[in-house]
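Residues per chain, in single letters:
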Amino acid sequence: NAEAAEWYRKAAEQGSSEAQENLAKLYLEGVGLDKNYAAAVHWFHLSAEQGEASAQRHLGGMYLSGYGVPMSDEDALHWFKCAAKQGDPGAQCQVAKMYNEGLGTKRSESEALYWYRKAEAQGNETAQRGLALLYQQGVFAARSPIEASRFYELTAIP
């Protein structure tokens, strides 16, 4: 709501990285404020510069999609990697996907596999599905129906 947005704004202007990120989300979603992608990018950037992994992941998404900033795979990869290095599994999956597809960087099978494995170790289902597909196809590792089956089972709905 508007009152929460005002309190977040006050704290964000005082340098609170958490408030900056929360204010950015309100602008992104149009909750309590008019939707404003440029303002969301501004606040995500301030929070990301202070090391907030979630803000870094969101900022990467803004660059990847071109919301509020010119689309840039290179900038997206930069921010996703910042968050991924801090252990953010969503960002780790994005980095893996970007290496897999060669977005913003040279395609690297070993980097894609590395980042998917990091996210999978945290139980991330997107990474599990990604690894299952890679093992099934033998794209980044020796083809292994057993490994593919194991990762597919992890994501199966009981």
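I will try to describe carefully the structure that is included in this document. (Residues numbered from 1 in each chain as written. Predicted model: local features only at pLDDT ≥ 70, side-chain atom pairs only at ≥ 80, totals over all residues. Heavy atoms only, no water.)

## Focus: the overall build of the protein
Let me state the cut-off plainly: Going along the chain from the N terminus, every DSSP run of H or I of four or more residues is numbered as a helix, and every run of E of two or more is numbered as a strand. For every residue, the accessible area (1.4 Å probe, protein chains only) is compared with the maximum for its type, and the residue is labelled buried under 20%, exposed over 50%, or partly exposed between those bounds. Only heavy atoms enter the contact rule, under which two residues are in contact if any of them lie within 4.5 Å. Where accessible areas are quoted, they stem from the Shrake-Rupley method and a 1.4 Å probe; at the residue level, only the protein chains shown are allowed to cover.
The helix and strand tally for the protein stands at nine helices and zero strands. Across the protein, helices and strands are ordered from the amino to the carboxyl terminus as α-α-α-α-α-α-α-α-α. Expressed as a percentage of the 158 residues in the protein, the buried residues total 41%. In the protein, the proportion of contacts linking residues at least 24 apart, taken out of those at least 6 apart, comes to 41%. A total accessible area of about 8,400 Å² is found for the protein, and carbon and sulfur atoms account for 49% of it.

## Some details on the pattern of salt bridges
Counted only if it meets this: The term salt bridge refers to a pairing of a side-chain nitrogen on Lys or Arg with a carboxyl oxygen on Asp or Glu at a separation within 4 Å.
The final tally for this structure, using the stated rule, is five salt bridges. The residue arginine 9 makes a salt bridge to glutamate 6 at a minimum N-O spacing of 3.9 Å. Of this pair, arginine 9 and glutamate 6 both sit in helix 1 (residues 2-13), three residues apart, which is roughly one turn of that helix. Residue class for glutamate 6 comes out partly exposed when judged on its relative accessible area of 37%. Close ionic contact of aspartate 88 with arginine 57 constitutes a salt bridge, the shortest N to O distance being 3.0 Å. Of this pair, aspartate 88 sits in the loop between helix 5 (73-85) and helix 6 (89-101) while arginine 57 sits in helix 4 (residues 53-65), and the two are 31 residues apart along the sequence. Look at arginine 57 and you get partly exposed, because its relative accessible area is 27%.

## Points about the packing of aromatic side chains
Our working rule: Two aromatic rings, drawn from Phe, Tyr or Trp (for Trp, its six-membered ring), form a pair once their centres lie within 6.5 Å of each other, and the interplanar angle then sorts them: stacked below 30 degrees, edge-to-face above 60, tilted otherwise. Placement of a charge over a ring requires the Lys NZ or Arg CZ to be within 6 Å of the ring centre, with the centre-to-atom vector within 35 degrees of the ring normal.
Per the counting criterion, the structure on display carries two aromatic pairs. Centre to centre, the rings of tyrosine 114 and tryptophan 115 are 4.9 Å apart; their planes meet at 85°, and the pair counts as edge-to-face. Residue classification places tryptophan 115 among the buried residues on the basis of a relative accessible area of 6%. Against the face of tryptophan 7 rests lysine 10, its NZ or CZ located 4.8 Å from the ring centre.

## Some thoughts on the nonpolar core
Going by this rule: Only buried residues count toward a nonpolar core. Its members are Ala, Val, Leu, Ile, Met, Phe, Trp, Tyr and Cys residues joined through side-chain atoms within 4.5 Å.
By size, the foremost hydrophobic cluster in this structure holds 42 residues, and its most contacted members are Tyr27, Phe44, Leu59, Val95 and Tyr116. Apart from the residues within four sequence positions on either side, tyrosine 27 is in contact with Arg9, Leu33, Asp34, Lys35, Asn36, Ala39, Ala40 and Trp43.

## Structural notes on the side chain of serine 17
Note the threshold: Counting of polar contacts relies on pairs of N or O atoms within 3.5 Å, with two restrictions inside protein: one atom must be capable of donating a hydrogen and the other of accepting it, and residues adjacent in sequence are counted only when both atoms are side-chain atoms.
Secondary-structure assignment places serine 17 in helix 2 (residues 17-29). According to the relative accessible area criterion, serine 17 is buried, its value standing at 12%. A polar side-chain atom of serine 17 sits 2.8 Å from a polar atom in the side chain of glutamate 52. Residue contacts for serine 17: discarding those within four places in its chain leaves Ser47, Gln50 and Glu52.

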